[in-house]
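Summary of structural features
Okay, here's what each chain looks like letter by letter:
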Amino acid sequence: MVAATDVVEGGLPIGAAQPTIVAAADGMSDPSGMTVLNLLGSKAKGAPIGEHQALTVPAVLRALEVLCGLFAMTPFHYFRRTDDGKVRVDDAPEALMFSTSANAAQPAFLMKELMMGDLLMSGKFGAYIHRNALYRPHALSRLVPGSIAVNQHWDRTDGLELFYDAQLPDGTRPRLTRNDMWFVPGFSRDGLVGLDRLKLLSDSFEAAASMNEFAARFWDNNAQPSTVLTTKAKVEQSEKVKIRTDWAQRFAGPRNAGAVAVLDQEMKAEFLSHNNEEAQFIETRGFSVVEVGRAFGVPPHVLFELSRATFSNIEHQSLELYLYTMLGHFGRAQAHMTHQFAAPGHFFEANPDALLKGDIKSRYEAYSIAIDKGVLNPDEVRDLENRNKRPGGDKYRVGSGSTIEGQAPAAPAPAAPAPEPSEEDA
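Moving on, we get to the overall build of the chain. Helix and strand counts for the chain come out as twelve helices and 16 strands. In the chain, buried positions account for 35% of the 426 residues. For the chain, long-range pairs separated by at least 24 residues make up 59% of all intrachain contacts whose partners lie at least 6 apart in sequence. Approximately 26,600 Å² of the chain is accessible, and the part contributed by carbon and sulfur atoms is 55%.

Sheet topology places strand β4 (residues 76–82) next to strand β5 (residues 85–88); four bridges connect them, and they run antiparallel. In the sheet register, R81 faces β5, and the bridge partner there is K86. The loop that links β4 with its antiparallel partner β5 comprises two residues.

L140, W182 and F296 are the most contacted members of the largest nonpolar core, which totals 53 residues. Here this core takes nine residues from helix α3 (residues 58–73), the largest share from any one element. Leave out the neighbours within four places in its chain, and F296 touches V60, A63, L67, L120, M121, R197, F205 and T325.

Further remarks concern the sheet that holds strand β14 (residues 346–350). Pairing within the open sheet is antiparallel, and its three strands lie in the order β5-β4-β14. The strands lining the two open edges of the sheet, one partner per strand, are β5 and β14. Recorded for the sheet is a direction-independent mean angle of 45° between the axes of neighbouring strands. Bridge count for β4 against β14 is five bridges, and the pairing is antiparallel. Counted as the bridge partner of F79 is F347 from β14. Strands β4 and β14 of the sheet are contacted by helix α10 (residues 314–341), whose axis makes an angle of about 160° with β14.

The next subject is unusual backbone geometry. Although it is not a glycine, F304 sits at a positive phi angle of roughly 65°. Within the fold, F304 resides in the loop between α9 (281–296) and α10. Judged by relative accessible area, F304 falls into the exposed class, the value being 60%. One non-glycine residue, N386, adopts positive backbone phi at about 60°. You can see N386 is positioned in the loop between α12 (378–384) and β15 (397–398). What makes N386 exposed here is its relative accessible area of 74%.

With that settled, the discussion passes to the environment of L114. Structurally, L114 can be placed in helix α5 (residues 108–121). Here L114 falls in the partly exposed class, since its relative accessible area comes to 25%. Leaving out residues up to four positions away in the same chain, L114 has contacts with Q106, F125 and R142.

In this section: the pattern of salt bridges. For the coordinates displayed, the defined rule picks out nine salt bridges. A salt bridge links K86 to E349; its shortest N-O distance comes to 2.5 Å. Taken together, the residues K86 in strand β5 and E349 in strand β14 connect sequence positions 263 residues apart. Overall, the relative accessible area of 42% leaves K86 in the partly exposed class. On the basis of relative accessibility, which here comes to 29%, the residue E349 falls in the partly exposed class. Two residues, E385 and R363, come together in a salt bridge whose shortest N-O distance is 2.9 Å. Highlighted residues: E385 in the loop between α12 and β15 and R363 in helix α11 (residues 360–372), separated in sequence by 22 residues. Of the two residues, E385 and R363, both sit in the buried class.

What follows deals with a nonpolar patch on the surface. Residues L319, L323, Y324, L327 and L356 make up a contiguous nonpolar surface patch of about 480 Å² in total accessible area. In this structure, L356 sits in the loop between β14 and α11. With a relative accessible area of 42%, L356 lands in the partly exposed category.

Calculation notes
- Residues numbered from 1 in each chain as written.
- Predicted model: local features only at pLDDT ≥ 70, side-chain atom pairs only at ≥ 80, totals over all residues.
- Heavy atoms only, no water.
- Helix = DSSP H or I, 4+ residues; strand = E, 2+ residues; numbered from the N terminus.
- Buried < 20%, exposed > 50% of the residue type's maximum accessible area, 1.4 Å probe, protein only.
- Contact = heavy atoms within 4.5 Å.
- Areas by Shrake-Rupley, 256 points an atom, 1.4 Å probe, with all protein chains shown as cover.
- Pairing = 2+ DSSP bridges.
- Core = buried A, V, L, I, M, F, W, Y, C linked by side-chain atoms within 4.5 Å.
- Axes fitted to C-alpha atoms, helices over the stretch in contact; angles between N-to-C directions.
- Salt bridge = Lys/Arg side-chain N within 4 Å of Asp/Glu carboxyl O.
- Patch = residues over 30% accessible without salt bridge, like charges linked within 9 Å, V, L, I, M, F, W, Y side chains within 5 Å.

Structure, rendered in structure tokens:
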């Protein structure tokens with residue numbers, strides 16, 4: 001087996017580490033690997049858009065906030081398999097990491113929010129595992145995704161083994177095994193790291209950011225994109241710079257709108273008009289919102305793009321957000337939680353019931369049917385509505401909801417005798 005201390009350089013194994021394969025440290029842009037981007041050729045304009053610049057696009061920020069919030073608010077329960085099904089285990093240290101506190105400083109909500117954000121933006125999430133005296137995991141420390149490199153070793157005896165080169169908060173950069181590192185890749189094509197949206201969709205995000213920058217510059221320049229000053233006289237280069245600087249200081253910006261310009265040397269000012277309507281500026285900005293929603297799997301109405309929305313299809317689009325986007329994220333998270341932390345016979349499972357709640361009338365009608373069919377008892381319904389239990393609420397009911405399961409229906413009350421006719425009636 002290859003030792004964890006073997007050296008690899010440039011993404012290719014050397015010396016004793018020859019069986020080791022190094023995964024791209026930044027998604028699908030490993031400069032030494034035969035990835036799709038390298039086969040197509042790198043972008044000549046330089047580095048791709050950064051996360052900060054991408055988040056200046058309101059649609060990107062909103063999409064990230066919605067998906068991270070939905071993921072973080074969804075509880076992940078820890079279960080033990082039994083002969084009758086499953087039993088929740090709430091007091092185990094590994095369960096508390098995802099339900100109460102990820103560590104002494106951060107609640108579980110924040111850790112799950114960071115996890116979802118890292119998976120969406122960089123395609124990978126990593127956290128250092130803190131263990132107690134019994135060597136059970138009890139806390140997690142999130143690591144910067146860009147500082148994590150995945151190293152893979154495979155042989156015919158032991159199969160696949162992964163090592164992680166990561167920078168820890170104390171500044172050290174050790175090589176970690178899966179006992180010390182919880183690593184979750186996003187949607188992946190190599191099984192090691194996920195696809196990096198910022199790199200793969202750099203053009204789309206940069207186009208949307210450029211539209212915002214153009215709008216800001218357009219209005220900051222008094223809605224006049226450019227001005228041409230012409231003269232018949234010969235003007236030296238140094239004088240051109242002075243004239244341009246003087247004009248910008250005196251007349252650029254909304255505060256200088258309407259100021260009077262005095263020109264000499266037979267100089268004339270010509271204003272180059274720009275018709276945003278003909279250039280379909282508004283349509284382009286609206287399309288960029290749809291493109292961002294498509295990149296993150298978020299329906300347009302969630303990003304407040306309502307140009308084609310109707311009251312009849314918004315509810316179905318909201319359901320599609322759960323079915324086609326969030327279910328995949330939940331499945332990935334609970335699979336990696338179970339694989340890394342669950343004891344034998346235990347597993348993690350997400351409970352996204354809160355995402356499926358309708359209006360109160362629809363919920364209560366569904367609860368009534370569930371109670372009548374014996375699917376839920378009143379206490380289970382009250383628990384779903386965050387209410388305390390009540391005496392007798394743990395009994396399952398059938399029929400109209402008044403008959404307790406396993407008991408004979410109550411006998412009907414005897415009919416009251418008919419009153420005897422009075423003398424006046426006679």
